[in-house]
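Okay, here's what each chain looks like letter by letter:
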Amino acid sequence: MRPDTILPPLLCGDLYVGIIVIMSDGRKRLSGSEYGKRSKEKNRKEQEVIKRSKKINSFFISKSIDNTINTTNTSNQIIVDSDSSFVENIKIIDDSENILPSNNNNTSTLSKTTFCVPKDPIDWIINNTTCDYIVMHGFNQNKNLNFLNSKRQYNDVNRYLTISLFERKLLNGEKCLRTWLVYSEKKGCVFCGPCLLFDRDNYSQFSKDGFNDWKNAESRVSQHENSTKHKSNLITLKERANTLGTINVSLTKQLDEHINYWENVLRRVVAAVKALSSRGLPLRGHNEKFGSTQNGNYLMAMELISEFDPFLAEHIGKFGQRGSGHTNYLSSTIYEEIIQLMADKIRQKIIDEIKTVKYYSIIVDSSPDISHVDQLSFVIRYVQENGVPIERFLQFLPNTGHKAIELFDSVTKLLNSYEIEIENCRGQLPYDNARNMSGIYSGLQARIKELNPLIEYVPCSAHSLNLVGSCAADSCDDTLTYFSLLQTVYNFFSSSTNRWEILKTQLKNNPESKTVKTLSNTRWSSRDDACKSLNSSWNEIRNALISITNNLTEKATTINEARSILNKLDSLETAFMTVLWSCLLDRLNKASKQLQSVNIDVSVIVDIYDSLIEYTKSLRNPIIFNEYENKAKLLSVVKEYKKSRKRVRKSFHDETRNQEQELEGTDKFRVKTYTVILDCLTNELEDRRAAYFLFNSRFSFLGKLTEYSVDEIMEFAKNLQNVYKEDLEEDFPNECIHLQAHLKNKDKMSILQLCKWLKEYGFYEMYPNIDIAIRIFVCTPAANCSTERSFSCLKRIKTYLRSQIKQERLNSMAILTIESSLLVSLPYEDIIKSFANKTARRQLLKLK
C-alpha cells in the first residue's frame, strides 16, 4: 500500500537517519536505519544466551561410561535421540530387578543401562520400556514454554495455544488440571500422553498427528477426554502404574476423585429407581424441578434422601436446577436408561439360568389392559440348581391374536429371539383350557407338540377346580337362586350408606359376625367368603332387614325390597343351601389356594383331586344330610320345605292312581337338590382328574420307591425310559433300584422333596438319570397363576394415567416389579459399569 506522505531521506555518511512514515491504514513503517539497529541488538542478546548455556556434550553420557556399560552387557543399548536438543531425564537403571533369580546363590553380575526420554513427545520412541519409564516418572507437559510455534492462521486472525487449555473448569466452578495433555514445541501441537503411549490404532488426532485447531480447542479437547478410548487408556495407565509403583500419582488421583464423585451420584440414583420400580410405582411427575410438589416419585425420593445425605444435598444444590444441557445424572433420561439396563440384566439372568438347567416349561395367558391392548403374558417354569421349582416372567406380547396359529407364531418367535431351544421344553400350560389353546387337533398345544412330542400339555388345575364349582352351581335351580340372593343382599346394603350403617350397627352386637361380601366373577372358590359371611351374620342381617321394613321414613320401594329379601331368607331351602355351600366352598377354596402355589407338582394335584372326590362321595351319607338339615332349621324361621303344586297327570287305562308315588318335603329336597349337587361335583372332579392321571402315572413310582418290589420298579423305570429315550440312559432302572435301597430306612418323601434332597446332599451325581427324570416332572406346570399375578402387576403399571406407556418400557417395568427378588440382588457396581459401557458419557466413569 502506498504511503500518504513520502519524505526524502536525510543522508548521514553511509547510514540513513531513522524516519517514520505514517501509512494510510494507520500503521508505522520503520526506516532502514531502525531495522538495522534492532537486528544488531537481537544478535547481541542471542550471543549472551549462548555464552550462558551449557555445551551440548554435557547432556550426554561420556564415552567412557558408554564403553563400560557396553562391556558389561552388550545386549543393552542406549536410547538417545540425536535430533533432540532437550532431554528431560537421564537415569542409569539397574536391570538386575528384571532378571529372574537363578538357582546359583553366588552374586550375579548386574547389568546397567541408560534410558533417556526426549522432552518433546514427537521424539518419543513408543515401546514397553518408554511406557514403563513414563508411567514411573511421568512426563513434562511443556506448558511453561512459549507457544510461538503453535501459530495457526485462520481467515480472520492468527491463533496460538494458550495455557488455559491445560485446565478444565467444572460445572461447580472448580478447576481440574489436564495432566494428560503435553505440548510439542517442534510441531506446535498438543498430544494426549496416555493415548500416544497406549493407542496402537492412532484413532484420534491427539495420538496421531497432534492437535492444533485452537479455534475449537475447548470443545474438541473436552470431546476427547470424554471419549471411551481415552478413558480406557487412562485406566490402562493407572493399572500399569499400580503394578510398577508409580511416583507421579497426580493424574490418577484426579481421575479417581472424578470417577468416585459421579459413581456416588449414580449409586443414589440407582437405589431410588430400584425401590420405585420394584413396587411398580410411577417415576415421572408433571415437571422435573426440585422443590416442586408435582415433580413425581423419583425426584421426591431424591429430595427425601438428600435430607439425610449431605453429599446428595450438595450435588442437588449445585447441579439440580441447571436445566437441560447440563450433566447432573438426575434427569428422566438417565433413570430411563437405568430401568432398561436393569431389565435387560434380569432377563439375561433368567435366560442364562434356563440354559443352565436345560429343562423348562412354558405358561401363557392373555388379558386386555387399560388401553384395550390384548397382552399375552409369557412365563417359564424350571427347576433351580437347589432343586426348587420357580416360575419366571419374561415379557408381555401385545396383540398376538386369539387364533391358534397366531399364538403359535408369537410363542416360537419369542423363544427363538432369546435363543431358547424348543427341544428342551417338556411342558406347556395354555390358559383357561380354551379350545384355541387346548384343542387336540389344531389348538396351540397340538401345534407346539408337533415341534416336540415330549412337550406334555397339562390343563390349569386351579381353573379346572373353578369350573367344577361353576358346573355344580348350574346343576339345579335352587343353587342358582341361592347365589343370586347372595348378590342381592350385598347390592341392597352397599347401594346406600344409611342401610350399610344400619347393618354395621347390628353386626356390633356379635363379634364373630362378618359383613356381607360380593361374589367373585372369576374365582368360584372365593365365594366362600360370601357364604361364610351370610352364615355367621344370619340373625344380624335379618334384624337389619326387619328394621328397614318397619321404618316408615324409608321409601316404599326400599321397604318392599327388604321384605322380599327377608321372605327368601326365612325359607328352609335358603338356610340349607347356606350351610351346604359354606362347607363345600370352604374345601374348594382351601384346595384352590394350595393349587396356586408354585412349589407343587402334578402328583400333588392328583392327590388333592382324589381327596375332594372322596369328600363329596362321603357327603351322600343320610346322616350328614340330617346334620345339615338340623343346622338349617336353627337358622330358618320356617321349619318346613315349600310344598310344590301337584300336577295332575292323565291316567292310562292300565294304571291306577294308587301306583303313583310323589316325593315331598325332606326326601324331595334331598333327591332333587342335595344329591344332584354332590353327584355333579363328583363327576366333574373325576373328569378333571383324568387329565393329570396319565402323566402322573409315569413318574409317581419315584415318590413311592420303598412301596414297590424290584420287578415293579424295573417295569416302571423301563416304561419311563422308553418315553424319554433321548434324556434317560439305559442305566436308569438300576439307579432306581439303588435309590430304593438308599431310601429304605428314611422317611417317605414326595418327588419334590426327593428333588431337593438329591441337590442338597449332592446325590444327583450318584443318580444323574433319576435327577433328570425328576426335573422333567417337577418343571411341568400345575397352574397358570403366575400369569394371573402378572396381570395384577399390569394393572398397577399401566393405569389410566399411564395408558400411553410404550411396550418396551412396559415390559421393563413389569419384569422389575414381578421379579423384584432378582432386582434387589443386582449389585450397584454392575449397573453402573453397564451404564458407563453403554455409550460415551459426558462424565468420566469406570469402564473396566
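Parameters at a glance
- Residues numbered from 1 in each chain as written.
- Predicted model: local features only at pLDDT ≥ 70, side-chain atom pairs only at ≥ 80, totals over all residues.
- Heavy atoms only, no water.
- Helix = DSSP H or I, 4+ residues; strand = E, 2+ residues; numbered from the N terminus.
- Contact = heavy atoms within 4.5 Å.
- Areas by Shrake-Rupley, 256 points an atom, 1.4 Å probe, with all protein chains shown as cover.
- Buried < 20%, exposed > 50% of the residue type's maximum accessible area, 1.4 Å probe, protein only.
- Axes fitted to C-alpha atoms, helices over the stretch in contact; angles between N-to-C directions.
- Parallel < 35°, antiparallel > 145°, perpendicular 65-115°, else oblique.
- Nonpolar A, V, L, I, M, F, W, Y, C, P; charged D, E, K, R; others polar.
- Pairing = 2+ DSSP bridges.
- Salt bridge = Lys/Arg side-chain N within 4 Å of Asp/Glu carboxyl O.
- Expected span 1.5 Å × (residues − 1).
- Arc of directions from axis to C-beta.
- Patch = residues over 30% accessible without salt bridge, like charges linked within 9 Å, V, L, I, M, F, W, Y side chains within 5 Å.
- Core = buried A, V, L, I, M, F, W, Y, C linked by side-chain atoms within 4.5 Å.
- Phe/Tyr/Trp six-rings, centres within 6.5 Å; stacked < 30°, edge-to-face > 60°.
- Lys NZ or Arg CZ within 6 Å of the ring centre and 35° of its normal.
- Left-handed = near helix turned anticlockwise from the far one by under 90°.

### Points about the overall build of the protein chain
Logical step 1: Tallying secondary structure elements over the protein chain gives 31 helices and 17 strands in all.
Logical step 2: Taking contacts inside the protein chain between residues at least 6 apart in sequence as the whole, the part at least 24 apart equals 69%.
Logical step 3: A total accessible area of about 45800 Å² is found for the protein chain, and carbon and sulfur atoms account for 49% of it.

### Side note on the environment of Leu739
Logical step 1: Tracing the chain through its elements places Leu739 in helix H25 (residues 732-742).
Logical step 2: Residue class for Leu739 comes out buried when judged on its relative accessible area of 0%.
Logical step 3: For the pair Leu739 and Ile770, spaced 31 residues apart in sequence, the C-alpha to C-alpha distance is 8.9 Å.
Logical step 4: If near-sequence neighbours (up to four positions away) are discounted, Leu739 is found in contact with Leu705, Leu754, Trp757, Tyr767 and Ile770.

### Notes on the packing of helix H22 (residues 622-635) against helix H23 (residues 665-699)
Logical step 1: One can describe the packing of H22 onto H23 by two numbers: an axis separation of 12 Å at closest approach and a directional angle of 110°. Between H22 and H23, the angle falls in the class roughly perpendicular. Contacts between H22 and H23 involve Ile624, Phe625, Tyr628 and Glu629 from the former and Thr666, Phe669, Arg670 and Tyr674 from the latter.
Logical step 2: Classifying every residue of the contact of H22 with H23 by side-chain character gives five nonpolar, one polar and two charged.

### Considering the sheet that holds strand E17 (residues 456-457)
Logical step 1: Pairing in this open sheet of five strands is mixed, and the strands run E15-E14-E13-E16-E17 from one edge to the other. Each having just a single partner strand, strand E15 (389-398) and E17 make up the two edges of the open sheet.
Logical step 2: The pairing of strand E13 (residues 360-368) with strand E14 (residues 374-383) spans nine bridges and is antiparallel. Residue Tyr360 lies in a different strand from E14, and its bridge partner there is Tyr382.

### Here we look at the pattern of salt bridges
Logical step 1: The tally for this structure, following the rule as stated, stands at 34 salt bridges.
Logical step 2: Residue Lys186 pairs with Asp123 through a salt bridge whose shortest N-O separation is 2.7 Å. Here Lys186, found in the loop between strand E11 (181-184) and strand E12 (189-192), pairs with Asp123, found in the loop between strand E6 (112-118) and helix H3 (128-137); they are 63 residues apart in sequence, far enough to count as distant.
Logical step 3: Overall, Lys186 belongs to the partly exposed group, its relative accessible area being 45%.
Logical step 4: For Asp123, a relative accessible area of 14% puts it in the buried group.
Logical step 5: The residue Arg392 makes a salt bridge to Glu819 at a minimum N-O spacing of 2.7 Å. One end of the pair, Arg392, is in strand E15; the other, Glu819, is in the loop between helix H29 (807-818) and helix H30 (820-824), and 427 residues separate them in sequence.
Logical step 6: On the basis of relative accessibility, which here comes to 7%, the residue Arg392 falls in the buried class.

### Comments concerning helix H19 (residues 556-569)
The periodicity of an α-helix, 3.6 residues per turn, causes residues three or four places apart in sequence to face the same way.
Logical step 1: An ideal rise of 1.5 Å per residue puts 20 Å on 14 residues; H19 measures up with 20 Å between its terminal C-alpha atoms.
Logical step 2: Of the residues making up H19, those classed as buried are Thr558, Ile559, Ala562, Ile565, Leu566 and Leu569. The arc enclosing the buried residues of H19, seen along the axis, measures out at 130°, which places them on a common side. Residues of H19 that are exposed and angled more than 90 degrees away from the buried face: Ala556 and Thr557.

### Here's the deal with the side chain of Lys759
Logical step 1: Here Lys759 shows up in helix H26 (residues 751-760).
Logical step 2: We classify Lys759 as buried; its relative accessible area is 18%.
Logical step 3: For Lys759, the contacting residues outside a window of four places in its chain are Glu385, Asn386, Gly387, Tyr764, Asp771 and Arg775.

### Here we look at the pairing of strand E16 (residues 425-429)
Logical step 1: When you tally the buried positions in E16, you get five out of five residues, the bulk of the element.
Logical step 2: Sheet topology places E13 next to E16; four bridges connect them, and they run parallel. Bridging across to E16, Ile362 finds its partner in Gln428.
Logical step 3: Pairing of E16 with E17 involves two bridges; the strand directions are parallel. Pairing of Gly427 across the sheet is with Glu456, part of E17.

### Looking at the pairing of E13
Logical step 1: In terms of burial, E13 is largely enclosed, as eight of its nine residues are buried.
Logical step 2: Counting the residues that bridge the hairpin from E13 to E14 gives five residues, and of these His372 lies at a positive phi of roughly 65°.

### A few points about the side chain of Gln721
Logical step 1: Here Gln721 is to be found in helix H24 (residues 710-723).
Logical step 2: Residues within four places of Gln721 in sequence aside, it is in contact with Leu728, Glu729, Glu730 and Phe732.

### Examining a nonpolar patch on the surface
Logical step 1: A contiguous nonpolar surface patch, about 340 Å² in accessible area, is contributed by Met300, Leu304 and Phe308.
Logical step 2: Looking at the secondary structure, you find Leu304 in helix H8 (residues 296-306).
Logical step 3: By relative accessible area, Leu304 is classed as partly exposed at 46%.

### Focus: the nonpolar core
As a rule of thumb, nonpolar side chains are buried together in soluble globular proteins.
Logical step 1: Core analysis: the largest hydrophobic core is formed by 100 residues, its most contacted members being Phe483, Trp581 and Phe732.
Logical step 2: The element that contributes the greatest number of residues to this core is helix H20 (residues 572-595), accounting for 12 residues.
Logical step 3: When neighbours within four sequence positions are excluded, Phe732 is seen to be in contact with Phe701, Leu702, Ala717, Leu720, Gln721, Asn769, Ile770 and Ala773.
Logical step 4: Judged by nonpolar contacts, the second largest core, of 78 residues, contains Ala272, Leu341, Met437 and Leu822.

### Some words on the packing of aromatic side chains
Logical step 1: Within this structure, the stated rule accounts for 34 aromatic pairs.
Logical step 2: Ring centres of Tyr482 and Phe483 lie 5.3 Å apart, and the angle between their planes is 65°; on these two criteria the pair is classed as edge-to-face. Each member of the pair, Tyr482 as well as Phe483, is classed as buried.
Logical step 3: Each member of the aromatic cluster is reached from another via a ring pair, and the members are Tyr261, Trp262, Phe311, Phe319, Tyr329 and Phe835.
Logical step 4: Positioned above the aromatic ring of Tyr154, the side-chain terminus of Arg159 is 5.8 Å from the ring centre.
Logical step 5: Looking at Arg499, its charged tip hangs above the ring of Phe492, at a distance of 4.6 Å from the centre.

### Examining the environment of Val602
Logical step 1: Tracing the sequence through the fold places Val602 in helix H21 (residues 602-618).
Logical step 2: Of the residues examined, Val602 reaches a relative accessible area of 0% and is grouped as buried.
Logical step 3: Taking C-alpha positions, Val602 is 8.7 Å from Val458, a pair spaced 144 residues apart along the chain.
Logical step 4: Excluding anything up to four places from it in sequence, Val602 contacts Tyr692, Phe695, Asn696, Phe777 and Thr780.

### What about H29?
Logical step 1: Here H29 is 12 residues long and its end C-alpha atoms lie 16 Å apart, about the 16 Å a rise of 1.5 Å per residue gives.
Logical step 2: Most of H29 is tucked away, with nine of its 12 residues classed as buried.

### Here we look at the packing of helix H28 (residues 785-797) against H29
Logical step 1: Interaxial distance between H28 and H29 falls to 10 Å at its minimum, and their mutual angle equals 120°. One way to sum up the angle between H28 and H29 is to call them oblique. As H28 packs across H29, the resulting crossing turns out to be right-handed. Two secondary-structure elements touch here, H28 through Ser790, Cys793, Leu794, Arg796 and Ile797 and H29 through Leu810, Met813, Ala814, Thr817 and Ile818.
Logical step 2: Its residues placed into classes, the contact of H28 with H29 shows seven nonpolar, two polar and one charged.

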